[in-house]
Amino acid sequence: MIACRDGSASVVLFNMGPRGWVPAPIAASEGDHRQVVAGDFNRDGHSDFVLASSTGVSVLRLGDGGGQFTTAGTIGEDGRDLDADGDLDLVEAAGEQSNRVYFNDGMGRFTHITLEDDSEDTYGVAIGDLNGDGLPDLVFANSGAPNVVMIAVSADSE
């Protein structure tokens, strides 16, 4: 998938084997989308995706397994399993607002927390276990400001 900006439709690339990749515009996806995150957000075995927008409203699209994607709702005001419940969660690089973490309830519905970080112009997020404790840590790539690293802390150690 390719997130497109400046009013263009975002695109899904279908692998047609020896015929190569075939692009297909995503209906009603015109906007200013900077990133796309794919995963099975509602656990039905089909690929879904979230188009992250610079406007602060991201769109969740659920796949049917046949190449069609239905808008299931919006997230935020722009994955990984961050809360260890088996569902894919999201971290939002919120542009010039505070960044957010969205927790999935397993049915593609999300609740969020706003991170206590300065409102920076964040363009990228990386998730990984930076200190080897088994918890997902976050790194935010900022434009015009220092990058931010957030190390997860177990609720047991607080």
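To start, this report covers the structure provided alongside it. (Residues numbered from 1 in each chain as written. Predicted model: local features only at pLDDT ≥ 70, side-chain atom pairs only at ≥ 80, totals over all residues. Heavy atoms only, no water.)

### Let's talk about the layout of surface pockets
Note the threshold: Buried and open spaces are told apart on a 1 Å grid over the protein atoms alone, a cavity being a set of points where a 1.4 Å probe fits but cannot get out and a pocket being an open set with protein on both sides within 12 Å along at least five of seven lines. Residues with an atom within 4 Å of a point are the lining residues. Grid points are joined across faces, edges and corners, and a volume is the space filled by probe spheres set on the points. Secondary structure elements are taken from DSSP: a helix is a run of H or I of four residues or more, a strand is a run of E of two residues or more, and numbering for both begins at the N terminus. Amino acid classes used here: Ala, Val, Leu, Ile, Met, Phe, Trp, Tyr, Cys and Pro are nonpolar; Asp, Glu, Lys and Arg are charged; the rest, including Gly, are polar.
A volume near 420 Å³ is recorded for the largest pocket. Along the wall of the largest pocket there are 16 residues; nearest its centre are Pro136, Leu138, Ile151, Ala152 and Val153. Of all the secondary structure elements, the ones that give two or more residues to the lining of the largest pocket are strand S8 (100-104) and strand S11 (137-143). Classifying every residue of the lining of the largest pocket gives 13 nonpolar, no polar and three charged.

### Some words on the pattern of salt bridges
Applicable threshold: For this document, the term salt bridge refers to a Lys or Arg side-chain nitrogen within 4 Å of an Asp or Glu carboxyl oxygen. For every residue, the accessible area (1.4 Å probe, protein chains only) is compared with the maximum for its type, and the residue is labelled buried under 20%, exposed over 50%, or partly exposed between those bounds.
Scanning all chains against the criterion turns up three salt bridges. A salt bridge links Arg5 to Asp6; the nearest nitrogen and oxygen atoms lie 3.8 Å apart. For Asp6, a relative accessible area of 62% gives the class exposed. A salt bridge links Arg100 to Glu92; its shortest N-O distance comes to 2.8 Å. Of the residues examined, Arg100 reaches a relative accessible area of 8% and is grouped as buried.

### Comments concerning unusual backbone geometry
Notably, Asp6 is not glycine yet its phi reads approximately 60°, a positive angle. At Arg43, a residue that is not glycine, the phi angle is positive and equals roughly 55°. Within the fold, Arg43 resides in the loop between strand S3 (33-39) and strand S4 (48-53). On the accessibility criterion, Arg43 (52% relative accessible area) is exposed.

### Digging into the packing of aromatic side chains
Rules: We call Phe, Tyr and Trp rings a pair once their centres come within 6.5 Å, taking the six-membered ring for Trp, and we label the pair stacked below 30 degrees between planes, edge-to-face above 60, and tilted otherwise.
By the definition in use, this model includes two aromatic pairs. Ring geometry for Phe41 and Phe110: centres 6.0 Å apart, planes at 65°, overall edge-to-face. The exposure class of Phe41 is buried, given its relative accessible area of 1%. Aromatic side chains Phe49 and Phe69 sit 5.0 Å apart centroid to centroid with 65° between the ring planes, which places their arrangement in the edge-to-face category. Residue Phe49 is found in strand S4, and its partner Phe69 is found in strand S6 (residues 69-75); the two are separated by 20 residues along the sequence. Each member of the pair Phe49 and Phe69 is classed as buried.

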